[in-house]
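# Coordinates in review
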Amino acid sequence: MISALWMVFGYSMCFAPGNAFIGNPLTHFLLKGVGAAPDPNYAATIPSQTFMLFQMMFAIITPALISGAVAERIKFKAYVMFMLIWTVVIYFPLCHMVWGKGGYFNWASYGCKIPVLDFAGGTVVHISSGVSALVFALMIGKRDGFPHEPMVPHNVVLSLIGTGLLWVGWFGFNAGSALNAGSLATSAFAATHFSAAAAALSWAFLEWKLKGKPSVLGAASGMVAGLATITPASGFVSIPGAFCIGLVAGMVCYASVTKIKSV
């Protein structure tokens with residue numbers, strides 16, 4: 001569904017010329033003018049169509065991140081409608097504001113009102129989906145039995161496999177956001193990896209210290225925390241800085257799911 005929206009008018013709303021809040025949906029309607037020629041406004045080293053496909057990946061994954069907050073608790077039809085409306089009303093304008101030329105939050109834009117440094121989606125992807133998931137969960141209410149009944153994953157092995165796939169795939173998000181195979185991509189790649197490693201260690205250590213033993217699920221959760229936290233800064237920080245960000249991410253997220261979540 002998101003791929004269809006992206007092709008028809010989504011890419012245009014995000015990256016076509018417009019105002020500070022939204023691009024003109026008709027400029028690249030049905031991907032008109034998006035071909036082999038590079039777009040110097042966004043990616044001078046690769047075809048515009050390659051950039052379009054890369055950005056489509058972010059558009060697809062962002063509404064999917066919200067699903068965990070409401071999985072099996074709403075009708076499928078309702079979630080389909082929500083995803084369509086949310087993507088058009090929230091994601092496309094926010095993407096243009098942060099990454100679009102002339103966007104309200106775009107650091108590189110002349111006359112930018114509120115500059116935001118978001119290398120690979122911390123604002124556009126994680127904050128938008130995270131806040132929306134929280135609001136969605138608050139609107140629906142707690143799951144039956146929460147927090148009195150344990151709700152552990154049904155298959156820890158699959159959870160770990162999924163985390164490994166995420167860790168490898170995250171290099172595509174972060175390093176790929178450099179839009180070329182140069183030093184910036186390498187720096188983002190390294191920052192991403194060491195942040196994930198640090199967060200896995202800090203989460204597992206806290207679990208070991210407070211519960212008597214670490215767990216595979218805890219380490220995997222720490223990995224994801226480190227990956228998500230470093231994303232907006234991956235192209236801007238050093239390796240030691242990324243490692244420190246990961247350490248803090250693991251500790252904060254561990255406290256959030258063990259203490260704050262049950263309040």
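Everything discussed here concerns the structure shown above.
Summary of the structure given here. The structure displayed is predicted, hence computed values, not measured ones.

### A closer look at the overall build of the protein
Looking only at helices and strands, the protein has eight helices and zero strands in total. Going residue by residue from the N terminus, the α and β elements of the protein occur as α-α-α-α-α-α-α-α. Relative to a compact globule of 263 residues, whose C-alpha radius of gyration would be 18 Å, the protein shows 19 Å and is just as compact. Put simply, 64% of the contacts in the protein that link residues at least 6 apart link residues at least 24 apart. Accessible area of the protein: about 14000 Å², with a carbon and sulfur share of 73%.

### Side note on helix 4 (residues 122-140)
With 19 residues, helix 4 should reach 27 Å at 1.5 Å per residue; the first-to-last C-alpha distance of 26 Å fits that figure. All buried positions along helix 4 are accounted for by Gly122, Thr123, Val124, Val125, Ser128, Ser129, Ser132, Ala133 and Phe136. On its buried face, helix 4 is in contact with helix 2 (48-65) and helix 3 (76-99). Phi turns positive, to about 100°, at Gly141, one or two residues after helix 4.

### As for the side chain of Asp39
Examined against the element boundaries, Asp39 turns out to sit in the loop between helix 1 (2-15) and helix 2. This buried residue, Asp39, is left without a salt bridge; Lys101 holds the nearest opposite charge, at 8.7 Å. Side-chain polar atoms of Asp39 contact the backbone nitrogen of Asn41, separated by 3.0 Å. When neighbours within four sequence positions are excluded, Asp39 is seen to be in contact with Ala44, Ile46 and Ser48.

### A short note on the packing of aromatic side chains
Tallied over the entire structure, the rule returns 21 aromatic pairs. Judged by centre distance (5.1 Å) and plane angle (75°), the ring pair of Phe15 and Phe51 falls under edge-to-face. Highlighted residues: Phe15 in helix 1 and Phe51 in helix 2, separated in sequence by 36 residues. Judged by relative accessible area, Phe15 falls into the buried class, the value being 3%. Residue classification places Phe51 among the buried residues on the basis of a relative accessible area of 4%. When the centroid spacing of 5.5 Å and the interplanar angle of 15° are considered together, the rings of Tyr42 and Phe51 count as stacked. Overall, the relative accessible area of 15% leaves Tyr42 in the buried class. Among the aromatic residues, ring-to-ring pairing joins Trp6, Phe9, Tyr11, Phe15, Tyr42, Phe51, Tyr91 and Phe92 into one connected group.

### Brief notes about a nonpolar patch on the surface
Residues Ile127, Val131, Val135, Met139 and Ile140 make up a contiguous nonpolar surface patch of about 470 Å² in total accessible area. Looking at the element boundaries, Val131 is found in helix 4.

### Examining the nonpolar core
Within the largest apolar cluster, 45 residues are counted, with the highest numbers of intra-cluster contacts made by Trp6, Tyr11, Phe15, Phe51, Tyr91 and Trp99. When residues of this core are assigned to their parent elements, the largest contribution, 10 residues, is made by helix 3. For Phe51, the residues in contact, after removing those within four places along its chain, are Tyr11, Phe15, Tyr42, Ala43, Ile46 and Leu179. If you look at the next biggest cluster of nonpolar residues, it comprises five residues, including Ala120, Ala178, Ala185 and Ala188.

### Digging into the side chain of Ser234
Among the structural elements, Ser234 can be located in the loop between helix 7 (216-230) and helix 8 (239-260). What makes Ser234 buried here is its relative accessible area of 0%. With near-sequence residues (within four places) excluded, Ser234 lies in contact with Phe119, Ala120, Asn174, Ser187, Ala188, Ala191 and Thr192.

### With respect to the state of the cysteines
Taken as a whole, this structure holds zero disulfides when the rule is applied. The closest cysteine sulfur to the non-disulfide-bonded Cys14 is located on Cys95, 3.7 Å from its own sulfur. Cys95 gets classed as buried once you look at its relative accessible area, which sits at 0%.

Quick notes on the rules
- Residues numbered from 1 in each chain as written.
- Predicted model: local features only at pLDDT ≥ 70, side-chain atom pairs only at ≥ 80, totals over all residues.
- Heavy atoms only, no water.
- Helix = DSSP H or I, 4+ residues; strand = E, 2+ residues; numbered from the N terminus.
- Rg over C-alpha atoms; globule rule 2.2 N^0.38 Å.
- Contact = heavy atoms within 4.5 Å.
- Areas by Shrake-Rupley, 256 points an atom, 1.4 Å probe, with all protein chains shown as cover.
- Expected span 1.5 Å × (residues − 1).
- Buried < 20%, exposed > 50% of the residue type's maximum accessible area, 1.4 Å probe, protein only.
- Lys, Arg positive; Asp, Glu negative; His and termini not counted.
- Salt bridge = Lys/Arg side-chain N within 4 Å of Asp/Glu carboxyl O.
- Polar contact = N/O pair within 3.5 Å; in protein donor to acceptor, adjacent residues only side chain to side chain.
- Phe/Tyr/Trp six-rings, centres within 6.5 Å; stacked < 30°, edge-to-face > 60°.
- Patch = residues over 30% accessible without salt bridge, like charges linked within 9 Å, V, L, I, M, F, W, Y side chains within 5 Å.
- Core = buried A, V, L, I, M, F, W, Y, C linked by side-chain atoms within 4.5 Å.
- Disulfide = S-S within 2.5 Å.

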